[in-house]
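# Working through the structure, step by step
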Amino acid sequence: MNKAKSYHISKFAVMEAFEHVKANKGAAGVDGETIIEFEKDLKNNLFKIWNRMSSGSYFPPPVRSYEIDKADGKKRTLGIPTVSDRVAQMVVKMYLEPFVEPHFHDDSYGYRPKKSGLDAVGVARTRCWKHDWVIDIDIKGFFDNIDHVLMMRAVEKHTQEPWILLYVQRWLKAPMVNVDGTVQQRIRGTPQGGVISPLLANLFLHYSFDIWMKRNFPMNSFERYADDIVVHCNTEREAIELKDAIKSRLLDCKLELHPEKTKIVYCKDSNRKGEYQNEKFDFLGYTFRPRSSRNRFGKLFTNFTPAISDKAKQKIRDKVKDWRKVIKPNNTLKEFTEIVNPVTTGWINYYGKYHASELWVIMRHIETEIMRWFKKKYEELKRNWKKAKDWVGKVKHKQPSLFKHWQWMRRHDLDGRAV
């Protein structure tokens, strides 16, 4: 340990933190510096971070406000830290995560090693078959309303390392530079977009929700991915009473259930009779609702099961349309595939897991975009969709593995059933 330094922080840890930040990519912060620019003077930049963090003199710069579209048409505000600040946050995350991760609930799936959104969807699917009712929970402005005092109390349960506590406190208070250039001081919340924020959010809900549920309602299972939560119940009465209890608990933790988006859902299937105002809910890009399925004997029945949501389909359509901004007629076919294949592979792997037939409309949309590109690239195909379609068909016949979604389409017939 360097005796001149207040805190013992490894230089190797700072370098490792940068490698993680680089792998995660990400946009520039308020200083406009990209990862590529940061790397040009890597040794000095990393030394500055280590030196300041080790001496207690590191103060995070403001985060840059960035707005993204939400599924409901509104905007979600992210806070983008600078590259240097992302490295500093990663150093703390690397130190803190091993102390808190073993304590997290098995049904907490968000931003955790060896857990995924698909895991949560699969468990929710199985439990919806076992339990008739679900509470679909939406916490109003969760990331923006985390109480700093309660947050620090949760962190202190797992570490007394002074420098970790110091920097977590400073990151919670780091101001945000809005799109119009004004500076917003932060008295609560942790900005979405920060490296440390997902870990802090999980830790906050671990104590405000997970442990509370385990202690008070051990018979009610749930799945939680960050602040996206579904809770299973056996009766409507039980669901109503538990929803009220959760509302009260979150108020005690300075949080609020969204009054319109939080709802009780009946998991209707062939064996569950009657009607209810809510018979579907969205969870992690999937819509859970009654669907026609076939049992092992080929007989049709109604099954309460997930498939890609309409909101997710629309987001994919919008992204496919955005390909036109980066894929031009002067690009080669190889360049086209190199851009789209990693993206379509991700969509297929995630949304093709359950009720894959719902992906066919997406595949057709991608096919149309490929034809559109061929029409623009080749003079003889312009203003003739049939020729473009035939051209694509010939390419598909000669190179059936060229596009990843072509491989998926070959494995499924027109009804979306595996062949």
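Below: a short report on this structure. All values derive from a computational prediction rather than experimental measurement.

### Focus: the pattern of salt bridges
Per the counting criterion, the structure on display carries 19 salt bridges. The shortest N-O distance in the salt bridge between Arg272 and Asp132 comes to 2.8 Å. Taken as a pair, Arg272 in the loop between β8 (263–266) and β9 (281–283) and Asp132 in the loop between α5 (117–130) and β3 (133–138) lie far apart in primary sequence, 140 residues in all. On the basis of relative accessible area, Asp132 is assigned to the partly exposed category, the value being 26%. Here Asp322 and Lys325 are joined by a salt bridge, their closest N and O atoms 3.4 Å apart. You can see Asp322 and its partner Lys325 sitting in helix α11 (residues 310–326), 3 residues apart, about one turn around the helix. Linked by salt bridges that have partners in common, Asp107, Arg127 and Glu223 make up one network.

### What to know about the packing of helix α4 (residues 83–100) against helix α8 (residues 162–173)
Remark: α4 packs on α8, axes separated minimally by 11 Å, with the N-to-C direction vectors making an angle of 135°. As judged from the angle between their axes, α4 and α8 are oblique. Remark: the crossing between α4 and α8 carries left-handed chirality. Taking contact as the criterion, the partners of Asp85, Ala88, Gln89, Val91, Val92 and Tyr95 in α4 are, on α8, Trp163, Ile164, Tyr167, Val168 and Trp171.

### Considering the sheet that holds strand β6 (residues 222–225)
Reading across from one edge, β6-β7-β3-β8 is the order of the 4 strands in this open sheet, with antiparallel pairing throughout. Where the open sheet ends on each side, the last strands, each with one partner, are β6 and β8. Sheet twist, expressed as the mean angle between neighbouring strand axes with direction ignored, is 20°. Relative to β8, β3 is paired through 4 bridges, and the arrangement is antiparallel.

### Quick notes on the packing of aromatic side chains
Tallying each qualifying case throughout the model produces 27 aromatic pairs. An aromatic cluster of at least three residues, connected via ring pairs, comprises Phe336, Trp373, Phe374, Tyr378, Trp391, Phe403 and Trp406. Residue placement shows Lys157 over the ring face of Tyr207; its charged tip is 5.5 Å from the ring centre.

### Focus: helix α7 (residues 148–156)
Those residues of α7 not exposed but buried are His148, Met151, Met152, Ala154 and Val155. Summarising the axial view, the buried residues of α7 lie within an arc of 155°, below the 170-degree limit, and thus occupy one face. In this structure, the buried residues of α7 make contact with α8 and α9 (197–216). You can read the cap of α7 off the contacts: a side-chain oxygen lies 3.2 Å from the backbone nitrogen of Val149, and it is on Asp147.

### Some thoughts on the packing of α11 against helix α13 (residues 360–377)
For the pair α11 and α13, interaxial distance at closest approach is 10 Å and the crossing angle is 10°. Classified by the angle their axes make, α11 and α13 are roughly parallel. Taken together, the residues of α13 that come into contact with α11 (itself represented by Lys313, Ile316, Arg317, Val320, Trp323 and Arg324) are Val361, Ile362, His365, Ile366, Glu369 and Arg372. Each residue belonging to the contact of α11 with α13 can be placed in one class, and the counts come to 6 nonpolar, 1 polar and 5 charged.

Basis of the calculations
- Residues numbered from 1 in each chain as written.
- Predicted model: local features only at pLDDT ≥ 70, side-chain atom pairs only at ≥ 80, totals over all residues.
- Heavy atoms only, no water.
- Salt bridge = Lys/Arg side-chain N within 4 Å of Asp/Glu carboxyl O.
- Helix = DSSP H or I, 4+ residues; strand = E, 2+ residues; numbered from the N terminus.
- Buried < 20%, exposed > 50% of the residue type's maximum accessible area, 1.4 Å probe, protein only.
- Axes fitted to C-alpha atoms, helices over the stretch in contact; angles between N-to-C directions.
- Parallel < 35°, antiparallel > 145°, perpendicular 65-115°, else oblique.
- Left-handed = near helix turned anticlockwise from the far one by under 90°.
- Contact = heavy atoms within 4.5 Å.
- Pairing = 2+ DSSP bridges.
- Phe/Tyr/Trp six-rings, centres within 6.5 Å; stacked < 30°, edge-to-face > 60°.
- Lys NZ or Arg CZ within 6 Å of the ring centre and 35° of its normal.
- Arc of directions from axis to C-beta.
- Polar contact = N/O pair within 3.5 Å; in protein donor to acceptor, adjacent residues only side chain to side chain.
- Nonpolar A, V, L, I, M, F, W, Y, C, P; charged D, E, K, R; others polar.

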